[in-house]
Structures are given as C-alpha cells and as structure tokens.
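Chain residues, written in single-letter form:
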Amino acid sequence: MPQEQAPQNETQTHDESYVIGYALEPKKIQNLIRPSLIDHAKKQGIHLIPIDINKPLIQQHPHLRFHCIIQKLQPKHWNNLNFHEYLSKHGANTTTTTIIIDPPHLVQKLQNRVSMLDSASQLPLSLQNATVGVPYQVVVDDEKKTKNSVEEMVMGSNLRFPVIAKPLYADGTMKSHELCLVFDAQGLRETLNKNAAGGAATPVVLQEFVNHGGVVFKVYVAGEHVRCVKRTSLPNIPEDKAKAGTLKFSQISNFTIQDNNVGDGANHLSNIERAEMPEESLIKELARALRERTGLNLFNIDVIRDAKDCTRYLVIDINYFPGYAKLPCYESFITDFLLDCVRNKAAVVCV
Ligand SMILES: Nc1ncnc2c1ncn2[C@@H]1O[C@H](COP(=O)(O)OP(=O)(O)OP(=O)(O)O)[C@@H](O)[C@H]1O
Ligand SMILES: O=P(O)(O)O[C@H]1[C@H](OP(=O)(O)O)[C@@H](OP(=O)(O)O)[C@@H](O)[C@@H](O)[C@@H]1OP(=O)(O)O
Ligand SMILES: [Mg+2]
Ligand SMILES: [Mg+2]
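Residues numbered from 1 in each chain as written. Chains lettered and ligands numbered in written order. Predicted model: local features only at pLDDT ≥ 70, side-chain atom pairs only at ≥ 80, totals over all residues. Heavy atoms only, no water.

1. Some words on the UniProt feature "binding site: Mg(2+) 1" (unreviewed entry) in the protein
Okay, step 1: Taking the numbering used here, the UniProt-annotated feature "binding site: Mg(2+) 1" (unreviewed entry) corresponds to Asp302 and Asp317. A compact arrangement is adopted by the annotated residues: their sequence extent is 16 residues, whereas the largest C-alpha distance between any two is 5.0 Å.
Okay, step 2: Take Asp302: its relative accessible area is 7%, and that puts it in the buried class.
Okay, step 3: Asp302 has contacts with Val216, Phe217, Lys218, Leu314, Val315, Ile316, Asp317 and Asn319, leaving out every residue within four places of it along the chain.
Okay, step 4: Residue placement: Asp317 occurs in strand β15 (residues 312-320).
Okay, step 5: Asp317 sits in the buried class, given a relative accessible area of 11%.
Okay, step 6: Setting aside residues no more than four positions away along its own chain, Asp317 makes contact with Arg113, Met116, Leu117, Asn300, Ile301 and Asp302. (UniProt positions renumbered as here; feature names shortened; annotations may be inferred. Buried < 20%, exposed > 50% of the residue type's maximum accessible area, 1.4 Å probe, protein only. Contact = heavy atoms within 4.5 Å. Helix = DSSP H or I, 4+ residues; strand = E, 2+ residues; numbered from the N terminus.)

2. What to know about the coordination of the magnesium ion (ligand 3)
Okay, step 1: Protein-derived ligands of the magnesium ion (ligand 3) are Asp302 (OD) and Asp317 (OD), with the metal-ligand distances lying across 1.9 to 2.2 Å.
Okay, step 2: Between the magnesium ion (ligand 3) and the magnesium ion (ligand 4), both coordinated by Asp317, there is a metal-metal distance of 3.9 Å. In this pair, Asp302 is assigned in strand β14 (residues 298-305) and Asp317 in strand β15, connecting sequence segments 15 residues apart. (Donors = N, O, S within 2.8 Å, 3.2 Å for Na, K, Ca; no water.)

3. Examining the sheet that holds strand β4 (residues 99-100)
Okay, step 1: The 4 strands lie next to each other as β2-β1-β3-β4, forming an open sheet whose pairing is parallel. At either margin of the open sheet sits one strand with a lone partner, and together these are β2 (46-50) and β4.
Okay, step 2: As defined by bridge partners, strand β1 (residues 18-23) adjoins β2 across 5 bridges and the pair is classed as parallel. The residue of β2 that forms the bridge with Val19 is His47. (Pairing = 2+ DSSP bridges.)

4. Here we look at the packing of aromatic side chains
Okay, step 1: Per the counting criterion, the structure on display carries 6 aromatic pairs.
Okay, step 2: Geometrically, the ring pair formed by Tyr320 and Phe321 is edge-to-face, given 6.1 Å between the ring centres and 85° between the ring planes. You'll find Tyr320 and Phe321 in the same group, each marked buried.
Okay, step 3: Geometrically, the ring pair formed by Tyr324 and Phe333 is tilted, given 6.0 Å between the ring centres and 40° between the ring planes. (Phe/Tyr/Trp six-rings, centres within 6.5 Å; stacked < 30°, edge-to-face > 60°.)

5. Describing the site of ligand 2
Okay, step 1: Within the structure, ligand 2 sits among 17 residues, and Lys72, His177, Lys218, Arg231 and Lys326 are positioned closest to it.
Okay, step 2: Residue Lys72 places a side-chain N or O atom 2.7 Å away from an oxygen atom belonging to ligand 2.
Okay, step 3: Here an oxygen atom of ligand 2 sits 2.6 Å away from a polar atom, N or O, in the side chain of Lys218.
Okay, step 4: Notes on ligand 2: free accessible area 550 Å², of which the protein chains cover 85%.
Okay, step 5: Each of domain 1 (18-102) and domain 2 (108-320) contributes no fewer than three residues to the shell around ligand 2. (Near = heavy atom within 4 Å. Polar contact = N/O pair within 3.5 Å; in protein donor to acceptor, adjacent residues only side chain to side chain. Areas by Shrake-Rupley, 256 points an atom, 1.4 Å probe, with all protein chains shown as cover. Domains from an automatic or database assignment.)

What follows is the structure in structure tokens.
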C-alpha cells in the first residue's frame, strides 16, 4: 500500500482493521519491517504505516487515524515528532484514542546500566528452587577515577577479577556496546584510562564476571508474549588459568560459529545445543515481573546461568525494542502483540 493511501476502511469502521504506525530509525525498519511481517500483519487486519521521524506527526498522514504507534527513538526524534500535539487531537480524552507504546522516561531507565539492573534486583522470584538476581557491579565515574587508585576501587568493594567493564550508558551507540573483559589491576588501569578513541573510558560499570557455560538466554518480551532463545556468549574462564590484561569484545551474542575469534567454534555449537533451557514457568514469571517493574512492553532480557550453581540465574542486560526479527516466526509474535494492543487497550502501558 503506498504511504499516502489510506487503508480502505481508514475512517475506522471495520472492527478487525487497524492502523499501526512505526516510528523507527532506518536500520531498525530494514531489520524488522520485512515484507513477511507486513503481509502477515495485513492478513490479521493490521496495516503497518511508516512514520517520518524527522517531522511533526500532526503534519503526516492527514487521512489516517492511528490506533497505535510503536517507536524506538532518540530524544531529538521524539521532539521532532511532537506526539503531544498529536495526542491532544487524537489522545486519551477524545473518542479516537491513539496509543503510543512505552513512554520515553521509562525507556530511559534501560539506557543506564545501573537503573537497568535495579529493575531486576531483588525480584521476588524463586521457582523450582531457582533464583534470579543480578551480578555485583560498581560504577566508576571521572571523580572516582581521579580520587581512587585501581587497587582501592577493587579492594574497597566486593569485586574480584575477572570483571567486565561496560559503558554506563547503554544508549544504542556502537560505543555503548564496546565491552572489555578485565583480568587484573593493570588491565583495569588501562581500561579506565582509555580516551574517547580507545573504548571503555569512564563512566563505566565494573561487573562481576560469572562463568556460565558460554550460553546466554535471551528472553524476548512483547506485552504478554514471551519467547526465550539460546545464543553465543563468552566462554568460561578457568580459575586456575591466570590471565592478564584485557580482552575487548562487542555484541558477542550476534556471533555465529563461523566467527572464528570466539573460542573454539565446534565447542560453542555443542555448548549451545547441549544447554538446557530454563523452565518455562521461570521465564514467564521473570518476563511478567520485569514488565511490571519497568512499566514497558517491548524489551528483551539477557540471562545467564551460573556454571557452579545451575539454580542461580542472573540478569545481565535489558534492551529496549530489541531485534525481534532474529526470532523464528517473529511475524506472528509481533502481530499478536499488536492485536492485543488495539483490541484490549487496558492491557498495555503507554504514553
Ligand atoms: N556479568 C557477566 N558475566 C559473564 N558474562 C557476561 C556478563 N555480562 C555480560 N556478559 C557477556 O557479554 C555479553 C554482552 O554483555 P551485555 O549484554 O551487557 O552487552 P550489550 O552490549 O548491552 O549487549 P546487547 O547487544 O544484548 O545489547 C553478554 O551477552 C554475555 O555474553
Ligand atoms: O536494531 P537496534 O539498533 O535496535 O539494535 C538492538 C539489537 O538488535 P539488532 O541486532 O536486530 O540490531 C539487539 O540485539 P538482540 O538483543 O535482539 O540480539 C540488542 O543488541 C540491542 O541492544 C540493540 O539496541 P541498542 O541497544 O543498540 O539500542
Ligand atoms: Mg546483551
Ligand atoms: Mg544491551
């Protein structure tokens, strides 16, 4: 359907026909809004319409009434679009409500690796004897770096090497995904002193590295819909094999076994194949609890399982609006969520 043309029943008459806008950056559109999704959604009465993220929404698609809008936006785009102006015309206090999925102030909490994990700490979850927690972590900012020696930082906390240094701000930039495994005090000194061109400069979080068998469980959440998949992770670091210095890496869970710089390819494949999935009830409870804690609908949770204690799960990362297209049959996963939003508006938290 050309962008300017409204779906035939655009003036909202047919119960089973809905207009969903997507306000996304070009890369996300390319990854997510594939013809297979557009076709599948259309068969369920959902028309997916692109929204230009660089101009006010009120100036776009004058003949369309959006039932719902999904978005992953930088603040400047949020300002450009001026949803508030649009909502004052089509918002909650009018008869033609448009719902915008997930408010930016809640999404922002996932863009800081401290507030992100706060939502996952002390979860009241203990199913089949399994517990879910977060790794121990400390923040090092410029002030702390100047005032304390590396030895003081480590000795003064419960941190033990190896640690992972992660940029504090997980704001979607390439830099925010540049992580560093740090094996000793010298490695930490180097990591903290890197300049802008050299990776993890402050502010960073230093997070306890937990051996977990080289597999990360990615739990994708879209409202009440939940799917868990296994992906590549860092291999175990044997305690008796002392390593020194640092190892930089980025977005390792996207690596396949063809990527030859992640340990031994064959071992990784079998690690992933062999790893048992967490109990479904645990995954569902975790997703439900984090939906409640974060107030968000669209996110994924990276979870690892302690290699020493298979009942101990740890949330290490939460991402807003992740790469759903990596899920098998993601088309129905996304469409079912959108149908829930438009049919049962009370079930979603929105702007
Ligand atoms: N505390 C930890 N212990 C062991 N491994 C970890 C830990 N934290 C992260 N990792 C490994 O590093 C990878 C990247 O870490 P993390 O998910 O925090 O980074 P990210 O850049 O935010 O990732 P994403 O691409 O999912 O947004 C994880 O998938 C996991 O393999
Ligand atoms: O597409 P985007 O730019 O949103 O990238 C997201 C990426 O999806 P993609 O790999 O399909 O691109 C996600 O991968 P999975 O967890 O689903 O594996 C994850 O890395 C997010 O953290 C990224 O969002 P960011 O943190 O950078 O905002
Ligand atoms: Mg991650
Ligand atoms: Mg992340």
